[in-house]
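# Coordinate analysis (summary)
Take a look at the letters that make up each chain.
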Amino acid sequence: MATRYEPKTAEPRQQARWAAADAFSVSNDDTGRPKYYVLEMFPYPSGNIHMGHARNYVMGDVVARHKRAQGFDVLHPMGWDAFGMPAENAAMERGVHPGDWTWSNIATMRDQLKLLGLSLDWSREFATCDPEYYGKQQAWFLELYKRGLVYRKDGVVNWDPVDNTVLANEQVIDGRGWRSGALVEKRKLNQWFLRITQYADDLIDGLKTLEGRWPDKVRLMQENWIGRSRGLQMKWAFAPGAAPAGHEAVEVYTTRPDTLFGASFVGLAPDHPISKQLADSNPEIAAFVAECRKGGASQAEIEQAEKIGWDTGLKVVHPFTGAEVPVWIANFILSEYGTGAIFACPAHDQRDLDFARKYGLPVIPVVRPEGAGDDFAVGDEAYTGLGSIFHSDFLNGLDIEAAKAEAIARIEAAAVGEAKTIYRLRDWGVSRQRYWGCPIPIIHCETCGPVAVPAEQLPVELPKDVTFDVPGNPLDRHATWKHVNCPTCGGEARRETDTLDTFVDSSWYFARFADPKAEAPINKAAASKWLPVDQYIGGVEHAVLHLLYARFITRALSDAGLMDVKEPFAGLFTQGMVVHETYYEGHETSGKPRWVEPSDVRIETVDGQRVATRLSTGAALTIGDIEKMSKSKKNVVAPQDIIAAYGVDAGRLFILSDSPPERDIQWSTGGVEGAARFVQRVWAEFDGFEPETPANADVDASLVRETHKAIKAVSEGVEHFRFNSAVAKLYAFLATIRQHDKAGAEAKKTALSTLARLIAPFTPHLAEEAWARLGEEGMVLDAPWPVFDAALAADDEVTLPVQIGGKRRGEVVLPRGSDNAAVEAAALANPTVQAYLAANNLSVRKVIVVPDRIVNLVAG
């Protein structure tokens, strides 16, 4: 009788074997094997991981183990993205030091990750809050400073007046600070910037080299974020006697010069120089501009917000018609895009249309769709499609592109503008007014200006004796750390108290993993061996900023001679999230639900309805939406809970099998229980293997063919990130082995040996136990990936769709390689096909067979 598989003892045993063998450490030396670098986006040490995190790391582990079995030298490291505001929030809320909180969380999460049996090279682990790491970051930051890629200027920022800090756009929710809830203001502060715009063209053009290895949607998102556009920059002269002091014209940029004859108004951003000048002398305009500053912080929020404006009373002259056009200040115009001013054609831009309808401004269509007449008009939706120009004098009858070219030519001939390429991308503001971040290695001297900290004084470490009893940045209040002598003149000076945006920390960590102990920021030889990352895995929410910044910094460091690669990630996969129901009871006085963890919930069906009850109190709960696992809503499932109940491999198997990896997966107890049953069935097959069973020619041959088919299907599933398909084939292959219970020992052992190697990336502990039970030598971890014979792996039968009139009307299953006559006869005899022909009174005139692919019936 077969014994039961016990994951609680088997899994620690196998992890101990791997640790004793130092199985996952790799050398930077030349081993003669091809390299493969697998990396998951490293985690923020928030305190605990959940199965949402686990899905990301387990996917990477499947790739790493598969590539190792294929003979690659695999680098698969792990580290911690450890700086950031949450640690400071914890310091304020719990009275602990951000460093103590962070390092404690790292220790907890490291232990949790190790439970998952991941093939990680822990010898390369680091945290970005370690001076050993951020000191090297300061070194290359100063190298970019020397090269002119780092500079300081006034910039508009999101300012939280309660926390006294700059917030990223993502930290502004409904116009309020994400932690304080205060209304966010837009302020101009002197900030440090990285000159990412210098690489705008290269960053766009480089996306072409990633085609096929990066998701198309991510490449498109990056291209749109950079926003390279070819347009017209032109001047609209003020009407006689209407010009404000010091201004003869309003300069605008447009990508739609073909719509110039549809101009309804000229719009200014609230912080455009003319807007500011008007506000200085008009309290009402000043109040309006101040109101605009309280709006959304991101471009998306600005575009979605209600459009509001102020008629300045100024007029400009249309460059073609000579008509006077009003000048408005509008909240939806961005000062940092183009010139901070636009001409508006409401008929063909939705924002302009919303604004024009609200304030009763003209809406003049100048592009009509094909087939429309001169009476074409728009309602509440702007027309942005293709068409021909009308109501536009010399542009009439031209298509959009031809009209753009002609309008630009006329404006240039009149010497009031020129064609110009601009970018939506803006230089990267990296200053943050907070303690828990990488100190910016600059000293400010009244005599010498900004001075780089000398190399021998790096790292500039954060002082540990800080307090968070008052809002704002503790570094501003730390006299002994802040006040220093100038390295150049020796006079009194002060350190820069802003710290770096955490996106800087993650913009190069993949290169540091090549040699985390190197004296230089990047060991150039090691980086040349390992980079680029062959397979990068992480959430699509990082598709723009993190990935764009990493691509930029890699180029900048390469140009500075620190490494030899320009694209950091050769392959990218963006996985879906793990989602779970939410549960809550009552509401706090703030109106927020009191969330309850799934482990404290009992679900029952009463009168056909699912009812939730809190186990610890018996209170009735409300079943909320299915959402991404998050600590804030407590809908998380902890890996240790799953491991205790079902084992590591069952949890790994479920999160790999339930959905395509790019899609969200809904966590279910039933799903992981099913995976646990599969683990037991696999073990039973190995535990019950009889090595003395005599050969059985026909059954053995059939099992050999099915084994090669399984190798082919699982290999292709892993290679193409179809993990759920690969797991489905493993389920089917196990069933096939059980069906071939009369197979001889040699064929059966070959099949089982293959199965052990095929399941190893997915359920590595079970695979090791099965490998040992089969009597194979060493560890399955070191066994080569099985190779299939193409002839044996080919299906004996093929399914051919039967099309009539170009649409599928049935299908036939035939032996592979059937001759055309047999295919034609089967297609004509198919009952579904016959019924369709009869119902539509059709007769087959011709049959076209594409061997082993498709059958087309020409009928009439």
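Located above this text is the structure these notes cover.
A few points on the structure.

Cut-offs applied
Residues numbered from 1 in each chain as written. Predicted model: local features only at pLDDT ≥ 70, side-chain atom pairs only at ≥ 80, totals over all residues. Heavy atoms only, no water. Helix = DSSP H or I, 4+ residues; strand = E, 2+ residues; numbered from the N terminus. Buried < 20%, exposed > 50% of the residue type's maximum accessible area, 1.4 Å probe, protein only. Contact = heavy atoms within 4.5 Å. Lys, Arg positive; Asp, Glu negative; His and termini not counted. Charge placed at Lys NZ, Arg CZ, Asp CG, Glu CD. Core = buried A, V, L, I, M, F, W, Y, C linked by side-chain atoms within 4.5 Å. Salt bridge = Lys/Arg side-chain N within 4 Å of Asp/Glu carboxyl O. Phe/Tyr/Trp six-rings, centres within 6.5 Å; stacked < 30°, edge-to-face > 60°. Lys NZ or Arg CZ within 6 Å of the ring centre and 35° of its normal. Arc of directions from axis to C-beta. Polar contact = N/O pair within 3.5 Å; in protein donor to acceptor, adjacent residues only side chain to side chain. Pairing = 2+ DSSP bridges. Axes fitted to C-alpha atoms, helices over the stretch in contact; angles between N-to-C directions. Parallel < 35°, antiparallel > 145°, perpendicular 65-115°, else oblique. Left-handed = near helix turned anticlockwise from the far one by under 90°. Nonpolar A, V, L, I, M, F, W, Y, C, P; charged D, E, K, R; others polar.

### Overview of the overall build of the chain
For the chain, the count of helices and strands is 27 helices and 35 strands. Once the C-alpha set of the chain is aligned to its principal axes, its extents read approximately 105 × 85 × 65 Å. Relative to its 860 residues, the chain shows a buried fraction of 52%. Within the chain, contacts between residues separated by at least 24 positions form 71% of all contacts whose residues are at least 6 apart in sequence. Within the chain, the 115 negative side-chain charges are centred at a point lying 1 Å from the centre of the 92 positive side-chain charges.

### A short note on the nonpolar core
Core analysis: the largest hydrophobic core is formed by 166 residues, its most contacted members being Tyr509, Phe510, Leu755 and Phe762. If near-sequence neighbours (up to four positions away) are discounted, phenylalanine 510 is found in contact with Tyr37, Leu39, Leu531, Val533, Ala550, Thr554, Pro568 and Phe569.

### Description of the pattern of salt bridges
For the structure shown, the criterion picks out 40 salt bridges. Aspartate 201 is the partner of arginine 228 in a salt bridge, and the nearest nitrogen-oxygen pair spans 2.8 Å. One end of the pair, arginine 228, is in the loop between helix 7 (216-226) and strand 8 (229-237); the other, aspartate 201, is in helix 6 (residues 200-206), and 27 residues separate them in sequence. With a relative accessible area of 35%, arginine 228 lands in the partly exposed category. Given the relative accessible area of 33%, aspartate 201 is considered partly exposed. Residue glutamate 604 pairs with arginine 602 through a salt bridge whose shortest N-O separation is 3.8 Å. Owing to a relative accessible area of 37%, glutamate 604 belongs among the partly exposed residues under this scheme. One network of salt bridges, with partners in common, ties together Asp202, Arg551, Arg555 and Glu567.

### Let's talk about the packing of aromatic side chains
Applying the stated criterion across every chain yields a total of 37 aromatic pairs. Aromatic side chains tryptophan 140 and tryptophan 508 sit 6.0 Å apart centroid to centroid with 80° between the ring planes, which places their arrangement in the edge-to-face category. Residue tryptophan 140 is found in helix 5 (residues 131-146), and its partner tryptophan 508 is found in the loop between helix 14 (502-505) and helix 15 (509-512); the two are separated by 368 residues along the sequence. A single burial state applies to tryptophan 140 and to tryptophan 508, both of which are buried. Their ring planes at 65° and their centres at 5.6 Å tell us that phenylalanine 332 and phenylalanine 355 sit as a pair that is edge-to-face. Remark: phenylalanine 355 occurs in helix 11 (residues 350-359) and phenylalanine 332 occurs in the loop between strand 12 (324-330) and strand 13 (341-344); sequence separation between them is 23 residues. Residue classification places phenylalanine 332 among the buried residues on the basis of a relative accessible area of 2%. Residue classification places phenylalanine 355 among the buried positions, given a relative accessible area of 0%. When the ring centre of tryptophan 481 is taken as reference, the NZ or CZ atom of arginine 495 above it lies at 5.5 Å.

### Details of helix 7
Within the sequence span of helix 7, burial applies to Val218, Arg219, Gln222 and Ile226. All buried residues of helix 7 fall inside an arc of 100° around its axis, so they share one side. At its buried positions, helix 7 is contacted by helix 6, helix 17 (545-559) and strand 25 (572-575). Just past helix 7, the residue glycine 227 takes up positive phi, approximately 65°.

### A closer look at helix 9 (residues 283-293)
Buried within helix 9 we find Ile285, Phe288, Val289 and Cys292. Buried residues of helix 9 fall within an arc of 100° about the axis and therefore sit on the same side. In this structure, the buried side of helix 9 is in contact with strand 7 (185-194), helix 8 (273-281), strand 11 (309-317) and strand 12. If you check the start of helix 9, you find a side-chain oxygen 2.9 Å away from the backbone N of glutamate 284, and it comes from asparagine 282.

### Some points on the sheet that holds strand 32 (residues 797-804)
Here four strands make up an open sheet; going across it, the order is 33-32-35-34 and the pairing mixed. The open sheet is flanked by strand 33 (807-815) and strand 34 (844-850), the only strands paired with a single partner. Sheet twist, expressed as the mean angle between neighbouring strand axes with direction ignored, is 20°. As paired strands, strand 34 and strand 35 (residues 854-859) are joined by six bridges and run antiparallel to one another. Paired with valine 847 across the strands is leucine 857, a residue of strand 35.

### Things to note about the sheet that holds strand 9 (residues 249-254)
Strand order in the open sheet made by the three strands is 9-8-16, with antiparallel pairing throughout. Each having just a single partner strand, strand 9 and strand 16 (417-422) make up the two edges of the open sheet. Across the sheet, the mean angle from the axis of one strand to that of its neighbour is 30°, orientation sign disregarded. When strand 8 meets strand 16, the two strands line up antiparallel, connected through six bridges.

### Concerning the pairing of strand 20 (residues 449-452)
Direction of pairing for strand 19 (residues 442-445) relative to strand 20: antiparallel, over a ladder of four bridges. Bridging across to strand 20, cysteine 445 finds its partner in glycine 449. Taken together, strand 19 and the strand that follows it, strand 20, pair antiparallel across an intervening segment of three residues.

### What about the side chain of aspartate 649?
Within the secondary structure layout, aspartate 649 lies in helix 19 (residues 648-657). The charged side chain of aspartate 649 is buried without a salt bridge, its nearest counter-charge being arginine 652 at 4.4 Å.

### Structural notes on unusual backbone geometry
Residue proline 459 is reached from leucine 458 by a cis peptide bond, and omega for that bond is 0°. Looking at the secondary structure, you find proline 459 in the loop between strand 20 and helix 13 (479-482). Here the bond from leucine 531 into proline 532 is cis, since omega is 0°, no more than 30 degrees from zero. By the element assignment, proline 532 lies in the loop between helix 16 (524-530) and strand 24 (535-539). Even without glycine at this site, aspartate 393 takes up a positive phi of about 55°. Along the chain, the position of aspartate 393 falls in the loop between strand 15 (388-389) and helix 12 (400-413). By relative accessible area, aspartate 393 is classed as exposed at 57%. Here the phi dihedral of aspartate 852 falls at roughly 60°; this positive angle occurs in a residue that is not glycine. With respect to the element layout, aspartate 852 can be found in the loop between strand 34 and strand 35.

### Examining the packing of helix 19 against helix 20 (residues 669-687)
The geometry of helix 19 relative to helix 20 is characterised by a closest axis approach of 8 Å and an angle of 120° between their N-to-C directions. Regarding the angle of helix 19 to helix 20, the classification is oblique. The two elements helix 19 and helix 20 meet at a crossing, and its hand is right-handed. Within the contact between the two elements, helix 19 uses Ala650, Gly651, Leu653 and Phe654 and helix 20 uses Gly671, Val672, Ala675, Ala676, Phe678 and Val679. Residue composition of the contact of helix 19 with helix 20, grouped by class: eight nonpolar, two polar and no charged.

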